[in-house]
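Chain residues, written in single-letter form:
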Amino acid sequence: DTPHYRAIGESGWDNTPRFGDDATQVIPEDLNCQLYRYELDVADFSDLLTEKGMARVWRARADKRRDLINRSLWDESSGFYWDYDLRTGERLRDTPRSLASFVPLWAGVADQDQASRIVEHLPAFEYNHGLVACEQGWDDGTEHNYPTGWPYSHWYVCAGLRAYGFHHDASRIAMKWLRLVSNAFVQTGAIRERHNVVDPGVPPPGRYPPQRGFAWTNGVYAALLARTIFGAEAASKSAQADSHPDFPPEWAGEEVQICLPSYPWPEGVNSKQVAV
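Criteria and cut-off values
- Residues numbered from 1 in each chain as written.
- Predicted model: local features only at pLDDT ≥ 70, side-chain atom pairs only at ≥ 80, totals over all residues.
- Heavy atoms only, no water.
- Helix = DSSP H or I, 4+ residues; strand = E, 2+ residues; numbered from the N terminus.
- Buried < 20%, exposed > 50% of the residue type's maximum accessible area, 1.4 Å probe, protein only.
- Contact = heavy atoms within 4.5 Å.
- Axes fitted to C-alpha atoms, helices over the stretch in contact; angles between N-to-C directions.
- Parallel < 35°, antiparallel > 145°, perpendicular 65-115°, else oblique.
- Left-handed = near helix turned anticlockwise from the far one by under 90°.
- Core = buried A, V, L, I, M, F, W, Y, C linked by side-chain atoms within 4.5 Å.
- Patch = residues over 30% accessible without salt bridge, like charges linked within 9 Å, V, L, I, M, F, W, Y side chains within 5 Å.
- Areas by Shrake-Rupley, 256 points an atom, 1.4 Å probe, with all protein chains shown as cover.
- Salt bridge = Lys/Arg side-chain N within 4 Å of Asp/Glu carboxyl O.

What follows concerns the environment of Ala-7. With respect to the helices and strands, Ala-7 occurs in helix H1 (residues 3-11). Judged by its relative accessible area of 23%, Ala-7 falls in the partly exposed class. Each C-alpha atom of the pair Ala-7 and Phe-19 lies 9.5 Å from the other, and the pair is 12 residues apart in sequence. Residues in contact with Ala-7, not counting those within four places in the same chain, are Ala-23 and Thr-24.

At their nearest, the axes of helix H6 (residues 151-163) and helix H7 (residues 167-188) sit 8 Å apart, and the two run at 160° to each other. Considering the angle they form, H6 stands roughly antiparallel to H7. Crossing handedness for the pair H6 and H7: left-handed. Side by side, H6 and H7 meet where Pro-151, His-154, Val-157, Cys-158, Leu-161 and Arg-162 of the first sit next to His-167, Asp-169, Ala-170, Ile-173, Ala-174 and Trp-177 of the second.

Another point: the nonpolar core. One finds Tyr-81, Phe-102, Leu-105, Leu-122, Phe-125, Val-157 and Leu-161 to be the most contacted residues of the largest nonpolar core, which totals 64 residues. Take this core: its biggest share by element is 8 residues, from H7. If we skip the residues at most four places from it in the chain, Leu-161 touches Leu-105, Val-119, Leu-122, Phe-166, Asp-169, Ala-170 and Ile-173.

Going from Asp-14 to Asn-15, the amide bond is cis rather than trans, its omega being -5°. Looking at the element boundaries, Asn-15 is found in the loop between H1 and strand E1 (26-27). Cis geometry marks the peptide bond from Gly-213 to Phe-214; its omega dihedral reads -15°. In this model, Thr-50 sits at a positive phi of 60°, which is unusual for a non-glycine residue. With respect to the element layout, Thr-50 can be found in the loop between helix H2 (29-48) and helix H3 (52-72). Phi is positive for Asp-94, close to 55°, though the residue is something other than glycine. Structurally, Asp-94 is set in the loop between strand E5 (90-91) and helix H4 (103-107).

Our next topic: a nonpolar patch on the surface. Together, Phe-45, Leu-48 and Leu-49 make up an exposed nonpolar region whose accessible area comes to about 380 Å². Within the secondary structure, Leu-49 sits in the loop between H2 and H3. Looking at Leu-49, the relative accessible area reads 60%, which means it is exposed.

Shown next, in the form of structure tokens:
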């Protein structure tokens, strides 16, 4: 219970080596990308409410934040986004690469060249059963670190990869996570908040055991299957499943019905047939 660990807890990454020794002096890259998206959301809501002046204000704030992210958090030499150290005025040093650096793809902050360079880092995180939160070599027994994978990180990565045209990478990673969660459920009857993606037979480390439930695992499972694998989006009129080698052969030529929410709720629910 120190300021350092309280700040890590507020980041959502409790606990992790990602922030070094004083998280109170770190500007997180993923938090700023989330705020960028929220600012665009508020601008869209303002448009819906015909508050055009407020919409312009929020879009200007989003534009400024995107520029700051790319000026302060992007490192051209490594081709990666990094957290920012307020003590040095530079990227945070002596910390592992983490999946937080893929959140700029989900947010739409990166350009296509930046996205291509970020994708080159995937091998540092990808294992047979999914993505680790941080690269190997910084083992400290914390939850958001190697060898643990988290649902929300898989969603950020897969959604971001699809947004920039890396559909094969997104589908491959999504299928690894879907198989992992499915196999664990068959074996234990439980959906859990996190998994060891390097060796699923070994419980992931951390100050507490993986919790049963679990809402974000359920939600990400459904979203990865419907959106990443079957390509169904609420705003689109049609969808086509990715031709993935893990689809059972007997699925060929079949159709799957997927219901996705849109607004206004509940009249906006969009049901569509997706060919496999």
